Amino acid sequence: MEKDENSNYYFSNSNFFWPVPGFHTITSPFGPRKTPTSGASKVHSGIDIAAPQNTVIYSVTSGEVIFTGFQGANGCTITVKSNNLNISYSHVSPTFLVFVGQTINIGEKIGNVGPKNIFGIPNNPYKDSNGNPTNGATTGCHLHLTIKKDGIAVNPLDFF
Ligand SMILES: [Zn+2]
């Protein structure tokens, strides 16, 4: 992993772009975890990067958007296919800046970090302690980044 003068991370060999420049705190790493949020998987499929609501999310690489929508525990999610990688950005704002079928470039704005609570999703089983529906299984605003290689979730940090 390398940093530029603006503290953005890049792949050392293939120039992937850190999705939320300026925010580098990993609040939950990839892999097994002891105390997942209720409804979340015991094996964490990606990394959680702390960032406030509305933080701009940039595509880590070029590719084609293959999904935008609400995806269970992941909440509002954007998935981009790039060769044998599927990159998913979760708990994002329901105001997606891209659409399925769109070709996007590395570093392109694709969305924003979403709110913790989200209303109007039919049959959303995820709720906070106040009974308000949440943006998937989440306790606060962050970006959940998943990278699947040939369909298998791998540690996103290995790419940066
Ligand atoms: Zn997560």
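Up top is the structure.
Calculation notes
Residues numbered from 1 in each chain as written. Predicted model: local features only at pLDDT ≥ 70, side-chain atom pairs only at ≥ 80, totals over all residues. Heavy atoms only, no water. Helix = DSSP H or I, 4+ residues; strand = E, 2+ residues; numbered from the N terminus. Buried < 20%, exposed > 50% of the residue type's maximum accessible area, 1.4 Å probe, protein only. Core = buried A, V, L, I, M, F, W, Y, C linked by side-chain atoms within 4.5 Å. Contact = heavy atoms within 4.5 Å. Donors = N, O, S within 2.8 Å, 3.2 Å for Na, K, Ca; no water. Phe/Tyr/Trp six-rings, centres within 6.5 Å; stacked < 30°, edge-to-face > 60°. Polar contact = N/O pair within 3.5 Å; in protein donor to acceptor, adjacent residues only side chain to side chain. Salt bridge = Lys/Arg side-chain N within 4 Å of Asp/Glu carboxyl O.

Visitor: Before we move on, could you go through unusual backbone geometry and cite the residues and values that matter?
Guide: In this structure, Asn54 takes a positive phi of about 75° despite not being glycine. Here Asn54 shows up in the loop between β6 (47-50) and β7 (56-58). Assessed through its relative accessible area of 49%, Asn54 is described here as partly exposed. Non-glycine residue His91 carries a positive phi angle of around 65°. By the element assignment, His91 lies in the loop between β10 (85-90) and β11 (103-104).

Visitor: Can you explain the nonpolar core? Please cite residues and give values.
Guide: The biggest cluster of nonpolar side chains holds 26 residues, and the ones touching the most others in it are Ile57, Ile78, Tyr89 and Leu143. The set of elements that each furnish at least two residues to this core consists of β6, β9 (76-82), β10 and β13 (142-149). In this view, Ile57 contacts Pro19, Val20, Tyr89, Val92, Glu108, Lys109, Ile110, Gly111, Asn112, Val113 and Leu143; residues no more than four positions away in its chain are not counted.

Visitor: I'd like a description of the coordination of the zinc ion, backed by residues and values.
Guide: Note on the zinc ion: its protein donors are His44 (NE2), Asp48 (OD) and His144 (ND1). The metal-donor distances range over 1.9 to 2.2 Å. Read N to C, the donor residues that coordinate the zinc ion are spaced as H-x3-D-x95-H. In this pair, Asp48 sits in strand β6 while His144 sits in strand β13, placing the two residues 96 residues apart along the sequence.

Visitor: I'd like to hear about the packing of aromatic side chains, residue by residue, with values.
Guide: Scanning all chains against the criterion turns up three aromatic pairs. Considering the side-chain rings of Trp18 and Phe160, the 4.9 Å spacing of their centres and the 80° angle between planes classify their relative orientation as edge-to-face. Here Trp18, found in the loop between β2 (9-10) and β3 (26-28), pairs with Phe160, found in the segment after β14 (152-154); they are 142 residues apart in sequence, far enough to count as distant. Phe160 carries the same exposure label as Trp18, and that label is buried.

Visitor: Go over the side chain of His144, please, and point to the residues and values.
Guide: Exposure remark for His144: the relative accessible area of 3% places this residue in the buried category. Among the polar contacts made by the side chain of His144, one reaches the side chain of Thr146 at a distance of 2.8 Å.

Visitor: Talk me through the pattern of salt bridges; I want residue IDs and the actual numbers.
Guide: This model, assessed by the stated rule, comprises one salt bridge. A salt bridge links Asp128 to Lys116; the nearest nitrogen and oxygen atoms lie 3.6 Å apart. Taken together, the positions of Asp128 in the loop between β12 (109-112) and β13 and Lys116 in the loop between β12 and β13 put the pair 12 residues apart, joining distant regions of the chain.

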